[in-house]
2 protein chains.
Amino acid sequence: MEFSADIKEILIRYRDIWSLRYALSLLSWDMETYMPPLASEERGEVRGNLETQVQRLYTHPEFIGLVENAKPRNEIEEGIIRVLKRWIKYYTRIPKELIEEEERTVAKAFQDWKEARAKSDFSIFMPTLEKIVELQRRKADYLGYEDHPYDALLDIYEEGLTLKKCERIFSVLKDISSLFKKLKERYPERHEIEEIGYDERMMRRLIEHVLSHLGFDTSRARLDTSPHPFTIHMGLYDVRITVRYEGKDFRRALMAAVHEFGHASYEMNISEELRATPVQSGASLGFHESQSRFWENIVGRSRAFVRRFYDPMLMAIPELRKYDEEDIYTYFTMVKPELIRVEADEVQYPLHIGLRFELERRMIEGDLKVEELPEIWNQRMEELIGITPPNDSLGVLQDIHWAHATIGYFPTYAIGSMIAAQLYYKLELADRVKEGKFKEVMEVLRERIHKHGSVYSPEDLLKRTTGEYVNPEYFLRYLNEKYS
Amino acid sequence: MEFSADIKEILIRYRDIWSLRYALSLLSWDMETYMPPLASEERGEVRGNLETQVQRLYTHPEFIGLVENAKPRNEIEEGIIRVLKRWIKYYTRIPKELIEEEERTVAKAFQDWKEARAKSDFSIFMPTLEKIVELQRRKADYLGYEDHPYDALLDIYEEGLTLKKCERIFSVLKDISSLFKKLKERYPERHEIEEIGYDERMMRRLIEHVLSHLGFDTSRARLDTSPHPFTIHMGLYDVRITVRYEGKDFRRALMAAVHEFGHASYEMNISEELRATPVQSGASLGFHESQSRFWENIVGRSRAFVRRFYDPMLMAIPELRKYDEEDIYTYFTMVKPELIRVEADEVQYPLHIGLRFELERRMIEGDLKVEELPEIWNQRMEELIGITPPNDSLGVLQDIHWAHATIGYFPTYAIGSMIAAQLYYKLELADRVKEGKFKEVMEVLRERIHKHGSVYSPEDLLKRTTGEYVNPEYFLRYLNEKYS
């Protein structure tokens, strides 16, 4: 595609930002994988400096002028300008002092949160969290909003998301909670397979085999190891995922790999013509999560997946031989009360998110005090999941997000599950998944979602592909059908 | 140390350059180690863009003004201004068009050189090399020089180096050539140990053990694998080396590791107060090479080294058991005619460099035509080493340097060998090496050389530590004593 002259000029300047972002991604990846331990402070300085250079480029008056005056001539150009305006708004509205104060607070928060979690003592983290909530409320004021300050924060992570939309999305929590309570009676507390150990090299071989079948292209992508699995993309030709090998309960490593593969496939399937432009990236965090959850839960925890990879699983872990495909499917899809969000099965997962949404909203409103968090957390866990955390480490202190000052982020996880189910039905992927036609599934996702990058806002993209915005009914239907 | 106000302001601005360079180093390291193959083109674009951002920062009128007007108040501040002026001169004198033309030519040269070397046909590379020589002559004119255009090119790689100084350094080539011809009769053509295979994991263990004893600190450094061994530093707390495992002839992997360790130790021992300043780096390429050669040749190929690590070598390669320490010392120090520079023993190595120096100088003078290179190369190899290359791949086409347009670089290798020997005698390291007191050797090098970074010009630093500029007599003495 040939861009118009004014867009071309913007894209030439944008190359500086793109290149810095590319380097920042590599610096992050390296930090989580291979960086020598003593380098972390210096690395933080470098990243902070390069972020500042990015901000300086976005807020350069000439650049802003070009973006403001651009006349986009087609959908791609409109997307480019839309995304750039979002960034310019973000970088120009928030004062440098607030960013610096947030950085200082987050640095302290990380230490406090770590200590609080280790000692299971919320009071250690409480004062810093109070500061963070206050900073986020100020941030919302700087960014601006129509109805509710939480809207401003939600929009940072999911373009166009509002409290109202969240409320509709989370309206199904009651139904999910009922389903969950009914289902949990069906499964044992632990499955024997969880205890089976594995050899790390064989496990890695299994993961490489599965990912290769699903379409992970190692000429453009890598698989490494890190303490917490993640996906990062530098350019269109360099996308990296990581997993962690715990030595037993092989589903965790395998599902994490398939989850990260879902993120990676999205970035790798973006159209070449969007390369090195502001729209070369997934449409939103929610959309990104929809892809990882699609591959992890809808594909990875399907009978077809277990059938397809039963032999390779036995190759990697010979002790599995006494279990048949149905045993492994049960192990993959067990529903049981879980205190920790990241360990939760796909049925209860949105309940964990719903709880965080509820508490964030009330903290931002000022209706809920930070000091009240542990009590209300435990009470709501009992209502939603049916268990009370025995301590704060297994409760309110489990997630790092608030210590990172990313209030407004959690809802994107639930949106991911919802969008995944919506695509499953509306793009007619259900039969293909059931028949194990995973390559066809990928082809549809690539054509309908991936290749567009962030040309369309997440809301527009979802309406284009499914005819409506996030509708939680599809997720309910998916759970009811799968666990009927 | 507290810097003066004007230097402080410069250093704050310099942080942007330092951070970009840090990222560029990681991008390079990653390219040689872990980058997915299809990413190389995109990676090249990113690096080119960030290099341009570095250049833009160096040539910013405000920054130049600050540097020009700075009043350094001590040696460190003088060093900072000296180094910055060098870079500013480089970036402001060479026109953008020349850099772009050089980049295009080098991209083509790399392809042509690769093809020419594969087919052993110099004529394929000849036209591009002619273009490169012409560009380097133009570059010399832009940079300026007093006596000879080659001086301008030499100075890029070794501050203050001139043709005249090179001629003094290379004046010992005749003596080295005679020594070499006498020595080569003493050794067999191949040593049995060269054929002994090794297990890569055990070899890696041996290298880790040796480097750890020498002082390689893995909390600030890494060891990886790459097609060509190299060292790269990001910051003071992140220095990385690579080696290559060929599966036999274990001396090659081990000596490459010790060589790169020499480079790495230099960067890791630079004083903390120079961190993130323009003088946080080795004094010059020649000085850097002096450290790697010191550790590789003077330490690594010493009887004390063989004695110290005889047991670990046998642990790693049990087949070595039938060889005693003297056998291994002979294998480590064999002198025999070698066509390929990078395979050459320490006696003949400077002869290979001397040949390249002679040809470069004459090409830049215009006295030698590119088309005459193969013939004169072969003739001089016969005179210096006593063998004629059977083809151009094993002769004039073996090195990548000219295809990279880095004419003037080779002499730094010979300077490295010379400086290493000079430090060996003048810093009274000879006894410590012979007694295997490697930690004491490192302590002296750290105090006298490393910690100063590039505060002093290489010439000043050498004079400060040894009382004179490069004097090749020390190297002759070292060879004569070792091989007497």
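Residues numbered from 1 in each chain as written. Chains lettered and ligands numbered in written order. Predicted model: local features only at pLDDT ≥ 70, side-chain atom pairs only at ≥ 80, totals over all residues. Heavy atoms only, no water.

S.K.: Can you walk me through unusual backbone geometry in this structure?
M.R.: Most peptide bonds adopt trans geometry, and most residues besides glycine take a negative phi value. With a phi angle near 50°, A:Ser120 is a residue other than glycine that sits in the positive phi range. Residue position: A:Ser120 is located in the loop between helix H5 (96–119) and helix H6 (122–143). By relative accessible area, A:Ser120 is classed as partly exposed at 24%. A positive phi angle, near 55°, is found at B:Asp249, a position not held by glycine. Looking at where B:Asp249 falls in the secondary structure, it is placed in the loop between strand E3 (239–243) and helix H11 (250–268). (Helix = DSSP H or I, 4+ residues; strand = E, 2+ residues; numbered from the N terminus. Buried < 20%, exposed > 50% of the residue type's maximum accessible area, 1.4 Å probe, protein only.)

S.K.: Would you mind going over the domain arrangement of chain A with me for this structure?
M.R.: Residue and element names in this part refer to chain A. For chain A, the assigned domains read domain 1 (5–93) and domain 2 (122–484). Once you take the C-alpha centre of each, domain 1 and domain 2 turn out to be 27 Å apart. Taken together, the contact pairs 23 residues of domain 1 with 33 residues of domain 2. Buried area between domain 1 and domain 2, both sides added, is near 2500 Å², and the carbon and sulfur share of it is 58%. On the domain 1 side of the contact with domain 2, Trp29, Arg82 and Arg86 bury the most area, a combined 24% of that side's loss. Counting the contacts that link domain 1 with domain 2 gives 4 salt bridges. Between Arg86 and Asp155 there is a salt bridge, and its shortest N-O distance comes to 3.0 Å. For the interface between domain 1 and domain 2, the tally reads 12 residue pairs in polar contact (both at pLDDT 80 or more). Mapped by element, the contributors of at least two residues to the side of domain 1 that touches domain 2 are helix H1 (5–33) and helix H4 (75–93). (Domains from an automatic or database assignment. Contact = heavy atoms within 4.5 Å. Buried area = accessible area lost by both parts, 1.4 Å probe. Salt bridge = Lys/Arg side-chain N within 4 Å of Asp/Glu carboxyl O. Polar contact = N/O pair within 3.5 Å; in protein donor to acceptor, adjacent residues only side chain to side chain.)

S.K.: Can you walk me through the sheet that holds strand E3 (residues 239–243) of chain A in this structure?
M.R.: Two modes of strand pairing occur in sheets, parallel and antiparallel, and in both the strands are linked by backbone hydrogen bonds. Residue and element names in this part refer to chain A. Strand order in the open sheet made by the 3 strands is E1-E3-E2, with mixed pairing throughout. With one partner strand each, in any of the chains shown, strand E1 (221–225) and strand E2 (231–233) form the two edges of the open sheet. Recorded for the sheet is a direction-independent mean angle of 20° between the axes of neighbouring strands. Sheet analysis places E1 next to E3, joined by 5 bridges and oriented parallel. Bridge pairing in E3 places Asp224 opposite Thr242. The sheet strands contacting helix H10 (residues 200–214) are E1 and E3, and the helix crosses E1 at an angle near 155°. (Pairing = 2+ DSSP bridges. Axes fitted to C-alpha atoms, helices over the stretch in contact; angles between N-to-C directions.)

S.K.: Mind showing me how you'd approach the packing of aromatic side chains here?
M.R.: The description of an aromatic ring pair uses the distance of the two centres, along with the angle that the planes make with each other. Residues and elements named next belong to chain A. With the rule as written, the count across this model stands at 63 aromatic pairs over all chains. Centroid distance Tyr424 to Tyr425: 5.0 Å. Interplanar angle 75°. Geometry classified as edge-to-face. Exposure class is identical for Tyr424 and Tyr425. Each is buried. An aromatic cluster is defined as three or more aromatic residues linked by ring pairs; in this entry it consists of Phe216, Phe261, Phe294, Trp295, Tyr424, Tyr425, Tyr474, Phe475 and Tyr478. (Phe/Tyr/Trp six-rings, centres within 6.5 Å; stacked < 30°, edge-to-face > 60°.)

S.K.: When you look at the sheet that holds strand E1 (residues 221–225) of chain B in this model, what are you seeing that I'm missing?
M.R.: All names here are of chain B. Taken in spatial order, the 3 strands of this open sheet run E1-E3-E2, and their pairing is mixed. The open sheet has two edge strands with one neighbour each: E1 and strand E2 (231–233). Strand after strand, the sheet turns through a mean of 20° between neighbouring axes, direction not considered. Two strands pair when backbone bridges link them, and E2 and E3 are joined in this way by 3 bridges, in the antiparallel orientation. Each residue of the ladder has a partner; that of Ile232, found in E3, is Arg240. Contacts from helix H10 (residues 200–214) reach E1 and E3 within the one sheet, and its direction differs from that of E1 by about 155°.

S.K.: Whenever I open this one, the environment of B:Pro36 confuses me. Can you help?
M.R.: Mapped onto the fold, B:Pro36 is located in the loop between helix H1 (5–33) and helix H2 (40–58). For B:Pro36, a relative accessible area of 2% puts it in the buried group. Residues B:Pro36 and B:Lys131, 95 residues apart in the sequence, show an inter-C-alpha distance of 32 Å. Each residue touching B:Pro36, except ones within four places of it in the same chain, is listed here: A:Thr218, A:Ser219, A:Arg220, A:Ala221, A:Arg222, A:Tyr237, A:Asp238 and A:Arg240.

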